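# Examination of the molecular architecture
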Amino acid sequence: MVNWNGDIAKLSLPTSFAVGDVNVYVIKGDALTLIDTGVKTVQSKEALAYGLEELGLKLSDIEQIILTHHHPDHAGALDFFDMTVPVYGHENNQRWLTLSDEFLDTHNSFFLDFAGKMGVAEELKHKLIHDREEIKFLSKRQLQGHLAEGDELPGLPGWRVIETPGHAQSHVSFYRENDGVMIAGDHLLAKISPNPLMEPPLLMDGIRQRPLLQYNASLQKLLDFSISKVYSGHGGEIDGDKVADLIRYRFERQHNRAMQVKSMLQEKPLTGFEVCQQLFPKVYRQEVDLTLSETVGQLDYLEDLGEIVLEMDSGAIRYSSVTTVSKGIIY
Ligand SMILES: [Zn+2]
């Protein structure tokens, strides 16, 4: 049953992805707004229409769409809405919503180079360089306007944009100061930690982002806000008084995970792909893009802490710990 909670209604829509249902939100403001769209499947469209009907609304009543980020479970179903419905989001969404040949070429050559530097096995490289599976779930659309840090949301007075890059370069969250409600997309989830997904560089310099470090900074940023409730992109809401503890717990887990990686590197220097194989022995083949992003995140984190050093070894980066283990003693 879908209900209004004040002026916000949450609709959970099915996806074909491992993460399960995605939450989208209807907000009654000056403009009837949909935050995120769900995936581009018939099942999702039906679930959305059904949910809206329970609220006494139709798909055609939606006056504007605002995106938390470009991923296909959040922005995929833009095609279901008339081209006259304006769409707003961070400007970094646009390259995924345009999907020009130029961008796809850049995307593929970046991932080919990245795979080489990580030492990815030849037979798996194509999984990183071919147009990603999910691209067919995206919709082509032009953003009506770009949302940036501190902007007030169009049609929703009192709601402001917080830039929260990390999980996606396009990721933003929304905060309403008068009651402390936050819509956090995939930035903060009650049960799971989002993958800091690697994306092609945003600038012409070709230097890649370090998504886990960005993600950590964006998590830290939330601690500055007085939050009463977080509505997330997947799973249940998070009470405001639990937010700080959850963020600290995420930091601790992540740090421990990185230290586990460091201990592997104390045994011997490894490439990113070798670390990935050890961290995800069962799934790295099927999900080389996701597992490699996760792995590189840990390596970037350790490098940032000064715990490991990098060395080029016949085209690939070899990571080694600044301390080594010998008979259980760390030097
Ligand atoms: Zn996402």
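All figures in this text were calculated on a predicted structure; none of them were measured in a lab.

## So, the coordination of the zinc ion
Binding of the zinc ion to the protein goes through His-69 (NE2), His-71 (ND1), His-167 (NE2) and Asp-186 (OD), at separations of 2.1 to 2.4 Å. Viewed at the metal, the four donor atoms of the zinc ion are separated by angles of 88 to 177°, and the geometry they form is irregular.

## Details of the packing of helix α5 (residues 122-129) against helix α9 (residues 288-305)
It is at 9 Å that the axes of α5 and α9 come closest, and there the two elements cross at 90°. In this view, α5 runs roughly perpendicular relative to α9, as classed from their interaxial angle. Within the contact between the two elements, α5 uses Leu-124, Lys-127 and Leu-128 and α9 uses Val-288, Asp-289 and Leu-292. Here the contact of α5 with α9 is composed, by residue class, of four nonpolar, no polar and two charged.

## With respect to the sheet that holds strand β5 (residues 64-66)
One open sheet accounts for seven strands, arranged β1-β2-β3-β4-β5-β6-β7; its pairing is mixed. At either margin of the open sheet sits one strand with a lone partner, and together these are β1 (4-5) and β7 (145-146). Note that β1 and strand β2 (residues 8-13) share two bridges and pair antiparallel. Paired with Asn-5 across the two strands is Ile-8, which belongs to β2. Together, β2, β3 (22-28) and β4 (32-35) form the strand contacts of helix α1 (residues 42-54), whose direction differs from that of β2 by roughly 150°.

## Things to note about the sheet that holds strand β14 (residues 308-313)
Overall, antiparallel pairing links the three strands, which are arranged β13-β15-β14 in an open sheet. Only two strands of the sheet have a single partner each, and these edge strands are β13 (270-271) and β14. Note: β13 against strand β15 (residues 316-321), two bridges, orientation antiparallel. Counted as the bridge partner of Thr-271 is Arg-318 from β15. On top of the sheet, helix α4 (residues 101-118) reaches β13 and β15; it is set at about 45° to β15, its chief contact.

## Structural notes on the packing of helix α7 (residues 240-267) against α9
Axis separation between α7 and α9 bottoms out at 9 Å; the angle between their running directions is 85°. Of the possible angle classes, the one that applies to α7 and α9 is roughly perpendicular. On α9, the residues that touch Gln-254, His-255, Arg-257, Ala-258, Met-259, Val-261, Lys-262 and Leu-265 of α7 are Gln-298, Leu-299, Tyr-301, Leu-302 and Leu-305.

Basis of the calculations
Residues numbered from 1 in each chain as written. Predicted model: local features only at pLDDT ≥ 70, side-chain atom pairs only at ≥ 80, totals over all residues. Heavy atoms only, no water. Donors = N, O, S within 2.8 Å, 3.2 Å for Na, K, Ca; no water. Tetrahedral: all angles 85-135°; square planar, octahedral: opposite > 155°, others 65-115°. Axes fitted to C-alpha atoms, helices over the stretch in contact; angles between N-to-C directions. Helix = DSSP H or I, 4+ residues; strand = E, 2+ residues; numbered from the N terminus. Parallel < 35°, antiparallel > 145°, perpendicular 65-115°, else oblique. Contact = heavy atoms within 4.5 Å. Nonpolar A, V, L, I, M, F, W, Y, C, P; charged D, E, K, R; others polar. Pairing = 2+ DSSP bridges.

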